[in-house]
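A closer look at the structure
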Amino acid sequence: MKTSVLRLETISDDALLARLGELVGRSRRAEAELIWHLAEVDRRRLYLREACPSMHVYATLRLHLAEAEAYLRITVARLSRRFPVVLAMLADGRLHLSALAKLAPQTDASAHGAPPLNPEQQTAVEAIAAAAGLALTSAQLPDTASPPATITAQAMPPASPPA
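In short, a report on the structure. (Residues numbered from 1 in each chain as written. Predicted model: local features only at pLDDT ≥ 70, side-chain atom pairs only at ≥ 80, totals over all residues. Heavy atoms only, no water.)

Applying the stated rule across the entire model yields eight salt bridges. A salt bridge links Glu31 to Arg73; the nearest nitrogen and oxygen atoms lie 2.8 Å apart. Within this pair, whereas Glu31 is found in helix α1 (residues 13-44), its partner Arg73 is found in helix α3 (residues 67-82), the two being separated by 42 residues in sequence. Within the structure, one salt-bridge network assembled from shared partners comprises Glu40, Arg43 and Arg44. (Salt bridge = Lys/Arg side-chain N within 4 Å of Asp/Glu carboxyl O. Helix = DSSP H or I, 4+ residues; strand = E, 2+ residues; numbered from the N terminus.)

A few words now on a nonpolar patch on the surface. Judged by side-chain polarity, Leu6, Leu8 and Leu16 come together as a nonpolar surface patch covering roughly 250 Å² of accessible area. Within the secondary structure layout, Leu16 lies in helix α1. (Patch = residues over 30% accessible without salt bridge, like charges linked within 9 Å, V, L, I, M, F, W, Y side chains within 5 Å. Areas by Shrake-Rupley, 256 points an atom, 1.4 Å probe, with all protein chains shown as cover.)

This part covers the nonpolar core. Grouped together as the largest cluster of nonpolar side chains are 28 residues, with contacts concentrated most on Ile35, Met55, Val76, Leu90 and Leu100. Elements with a minimum of two residues in this core: α1, α2 (55-62), α3, α4 (85-92) and α5 (97-108). (Core = buried A, V, L, I, M, F, W, Y, C linked by side-chain atoms within 4.5 Å. Buried < 20%, exposed > 50% of the residue type's maximum accessible area, 1.4 Å probe, protein only.)

As a further point, take α2. Among the residues making up α2, those that are buried are Met55, Tyr58, Ala59 and Thr60. Next to the buried residues of α2 lie α1 and α3. Directly after α2, the chain includes His64, whose backbone phi takes a positive value near 60 degrees. (Contact = heavy atoms within 4.5 Å.)

The topology assignment puts Glu67 in helix α3. Taking the C-alpha atoms as reference points, Glu67 and Val57, separated by ten residues in sequence, lie 9.2 Å from one another. A distance of 3.5 Å separates a polar atom in the side chain of Glu67 from a polar atom in the side chain of His56. (Polar contact = N/O pair within 3.5 Å; in protein donor to acceptor, adjacent residues only side chain to side chain.)

At a minimum axis separation of 7 Å, α1 and α4 run at an interaxial angle of 155 degrees. Judged by the angle between their axes, α1 and α4 are roughly antiparallel. Note on packing geometry: the crossing formed by α1 with α4 is right-handed. Residue-level contacts link Gly25, Arg28, Arg29, Ala32, Ile35 and Trp36 of α1 to Leu87, Leu90, Ala91 and Asp92 of α4. The residue inventory of the contact of α1 with α4, partitioned by class, reads six nonpolar, one polar and three charged. (Axes fitted to C-alpha atoms, helices over the stretch in contact; angles between N-to-C directions. Parallel < 35°, antiparallel > 145°, perpendicular 65-115°, else oblique. Left-handed = near helix turned anticlockwise from the far one by under 90°. Nonpolar A, V, L, I, M, F, W, Y, C, P; charged D, E, K, R; others polar.)

Another aspect to go through is the side chain of Asp92. Residue position: Asp92 is located in helix α4. Under the relative-accessibility criterion, Asp92 is labelled buried at 7%. Among the polar contacts made by the side chain of Asp92, one reaches the side chain of Arg94 at a distance of 2.9 Å.

Read these as geometric descriptors, not functional statements.
Written out as structure tokens, the structure reads:
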């Protein structure tokens, strides 16, 4: 049985760039799905049955995530339970983990009674901030792009409300 090995040196520049774009898209979708699963494991507190006292310990010891990776992903997973649209925004590249993790602590103070998000009229970070009842200046906003949505919020299964 012969296996072919992809040699990047042999493909055209256009094919290489197209393939890279496809890989980034798949990576974003996989990241959003990983965050979705982390949120559910956290909600169910399944880390306890794995002999871990916290989600962070579970992520670092059982999933072998680095400390910083665990922090970002757990923070965003918890945010996604309150604002499920962030999963779609992660999947299509409108948001990244770092921006969400920086904004998440600011949303805690205004979690109740937040208006629904309207991500088509605002940048992603502004939409999350508006949902949290925050008025951010442009100097406070992380540098994020808002490309057209390729995945809608309905494309990701809804997150369960916090228990």
